Amino acid sequence: MHTIVAKVQLSPNVTRLEVTASRIAQIRQAGQFVIVRKGEGAERIPLTIADSNADTGTITLVIQAVGKSTRDLVALEVGQAIKDIAGPLGHPTELVERGHAVCVGGGVGTAVVHPIAQALSRAGVHVTSVIGGRSRDWVIYEEELKRLGDVVVCTDDGSYGRKGFVTQAAAELLAAGKVDVVYAVGPVPMMRAVAELTRPYGVRTIVSLNPLMVDGTGMCGGCRVSVGGKAYFACVDGPEFDGHQVDFAMLADRSTTYREFEQEALQRSLDHTCHIGLDKA
Ligand code: NAD
Ligand code: FES
């Protein structure tokens, strides 16, 4: 069992949990993830390890509550526990050792960018993080990233930082030159847009993909992605890939395959909660 030792609401639907997982905390590297199962029979949820502390034996998980399983997970309170955490899974981030890295984080993807920026900064790389949210309340990890380098904050509505998508600020940095590598994590259209921005400059662009995952061991095929015309499994071959080679259209298509089932499951759980509420009233 993995006890929750801290819980913070980062944005209207994003929660940070710090949980005990001492072995994972000792060996995990930037870019790796875990698969979490709240309890017996619960859905398996892949989550990037946003941070860790080997001394306290804890890892940090950032969860966007979008469906039944993620809502169940963020409903846990400090002192309660998650049954299973498997990992660390996936390949560590391919890190550069010098130069200027631009880390682009869209919404909850900013939490995935954090360990990458952390590892780059520790290696002595100059890091500029470009992070964005729908509005001020949706911007996460700003303070943590400021400790690692420069930060440009963008909001869609202009309520904080620069008005506009992260891609606009990233485009200006590229035009100004001296960008050696770009790491981008966020919604699929954002990662695709970043890859198209960097392509003409020939700047290496690494994206972190989060397709549907089931086993996380390369056995089920659920997380298949197409990169450079070849099929890969994001859980064992990724989750990070060359953004200029990723078939984003296929990724977008596959990620919506189960949306109806997910919405049905969420509705069923909300109906169930209402019934319990009425029964108690
Ligand atoms: P969101 O829709 O609120 O967007 C966050 C920011 O991304 C925006 O503020 C904007 O700056 C940028 N953005 C969005 N659409 C864009 C576009 N078309 N062009 C350029 N920039 C754009 O994001 P959210 O709700 O926080 O994130 C949800 C999405 O992130 C989900 O689809 C989820 O699957 C994905 N996600 C990906 C990873 C990963 O590892 N790749 C991890 C977590 C979540
Ligand atoms: Fe099953 Fe990747 S999650 S193959």
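Here goes a summary of the coordinates provided.

What counts as what
Residues numbered from 1 in each chain as written. Chains lettered and ligands numbered in written order. Predicted model: local features only at pLDDT ≥ 70, side-chain atom pairs only at ≥ 80, totals over all residues. Heavy atoms only, no water. Helix = DSSP H or I, 4+ residues; strand = E, 2+ residues; numbered from the N terminus. Buried < 20%, exposed > 50% of the residue type's maximum accessible area, 1.4 Å probe, protein only. Pairing = 2+ DSSP bridges. Contact = heavy atoms within 4.5 Å. Axes fitted to C-alpha atoms, helices over the stretch in contact; angles between N-to-C directions. Salt bridge = Lys/Arg side-chain N within 4 Å of Asp/Glu carboxyl O.

**Here's the deal with unusual backbone geometry**
Phase 1 of the analysis: Here Gly87 and Pro88 are connected by a cis peptide whose omega angle stands at 0°.
Phase 2 of the analysis: Inspection of the secondary structure puts Pro88 in strand β7 (residues 84-89).
Phase 3 of the analysis: Unusually for a residue other than glycine, Tyr141 sits at a positive phi of about 60°.
Phase 4 of the analysis: Looking at Tyr141, the relative accessible area reads 5%, which means it is buried.
Phase 5 of the analysis: Positive phi outside glycine occurs at Lys178, with the angle close to 60°.
Phase 6 of the analysis: Here Lys178 lies in the loop between α5 (166-176) and β12 (181-185).

**Things to note about the sheet that holds β12**
Whenever strands of a sheet pair, they do so through backbone hydrogen bonds, lying parallel or antiparallel.
Phase 1 of the analysis: A sheet is described by the order of its strands in space; here 7 strands give the open sequence β11-β10-β9-β8-β12-β13-β16, paired in mixed fashion. This sheet does not close on itself; its edge strands, each paired only once, are β11 (162-163) and β16 (240-242).
Phase 2 of the analysis: Direction of pairing for strand β13 (residues 204-208) relative to β16: antiparallel, over a ladder of 3 bridges. Note on β16: the bridge partner recorded for Ile206 is Asp242.
Phase 3 of the analysis: Of the strands in this sheet, β8 (100-106), β9 (126-133), β10 (150-155) and β11 touch α5, which is tilted by about 155° from β9.

**Section: the pattern of salt bridges**
Phase 1 of the analysis: Under the defined criterion, the tally for this structure stands at 14 salt bridges.
Phase 2 of the analysis: In this structure, Lys146 engages Glu142 in a salt bridge whose closest nitrogen and oxygen atoms are separated by 3.0 Å. Of this pair, Lys146 and Glu142 both sit in helix α4 (residues 142-146), 4 residues apart, roughly one helical turn.
Phase 3 of the analysis: Taking relative accessible area as the criterion, Lys146 reaches 42% and is therefore assigned partly exposed.
Phase 4 of the analysis: Connected via shared salt-bridge partners are Arg37, Glu40, Lys83 and Asp84.

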